[in-house]
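Each chain is listed here by its residues.
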Amino acid sequence: MYNFETMDKRLIIFGNLFLVANRLQTVMDSQMEGLTAKQWLVLTMLGMFDEPPTLKQLAKMCNTSHQNTKQLVLKLESKGFLEVTKDPKDARAMRICTTAKCTEWELANQENSAKFVNQMFSTLTQEEILITMTSLLKIYDALEDMANEQK
């Protein structure tokens, strides 16, 4: 068995990032009605834009490939949560818009979403939440720098 006291704490965090991501997806998939965790993330990221984004813009915001984002968008469109329309200024570009069904789902699930987040963070103090948030942002930035070095 591992002795966590003597183990490099960075390696423990590194491994736990994967474990937390997998557990989060599993729990969300089992508790969300009508959506998977990845589909929910796409809808959440759509809310970050001032105007309906292109698939390329959405993929960049979700930090995933164009192909993965397209599959998620098509699935959400088939479920009635999204509409994909031609950009009036550029016929080659497609814009992704949420539908009334998406808005209804969000309103119907606000309470459950808040409960889920509250429960997930219930064991952390406000200081720990701030430290975790700051730390994860710094790790993300370091990974972004590493990705840019590969280009």
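Structure first, text after, so check above.
Now for a look at the structure at hand.

## Overview of the packing of aromatic side chains
We describe a pair of aromatic rings using the distance from one ring centre to the other and the angle between the two ring planes.
Item 1. For the coordinates displayed, the defined rule picks out two aromatic pairs.
Item 2. When the centroid spacing of 5.4 Å and the interplanar angle of 85 degrees are considered together, the rings of F14 and F18 count as edge-to-face. Of this pair, F14 and F18 both sit in helix α1 (residues 9-31), four residues apart, which is roughly one turn of the helix. Note on accessibility: F14 and F18 belong to one class, exposed.
Item 3. Aromatic pair F81 and W105: ring centres 6.5 Å apart, planes at 75 degrees, arrangement edge-to-face. Taken as a pair, F81 in the loop between α4 (66-78) and β1 (82-86) and W105 in helix α5 (residues 100-120) lie far apart in primary sequence, 24 residues in all.

## Things to note about the pattern of salt bridges
Item 1. Taken as a whole, this structure holds three salt bridges when the rule is applied.
Item 2. In this structure, D87 and R95 form a salt bridge, with 2.8 Å as the shortest nitrogen-oxygen distance.
Item 3. The exposure class assigned to R95 is buried, which follows from its relative accessible area of 16%.
Item 4. Taking the shortest distance from any N to any O, the salt bridge between R92 and D90 comes out at 3.2 Å.

Rules and cut-offs
- Residues numbered from 1 in each chain as written.
- Predicted model: local features only at pLDDT ≥ 70, side-chain atom pairs only at ≥ 80, totals over all residues.
- Heavy atoms only, no water.
- Phe/Tyr/Trp six-rings, centres within 6.5 Å; stacked < 30°, edge-to-face > 60°.
- Helix = DSSP H or I, 4+ residues; strand = E, 2+ residues; numbered from the N terminus.
- Buried < 20%, exposed > 50% of the residue type's maximum accessible area, 1.4 Å probe, protein only.
- Salt bridge = Lys/Arg side-chain N within 4 Å of Asp/Glu carboxyl O.

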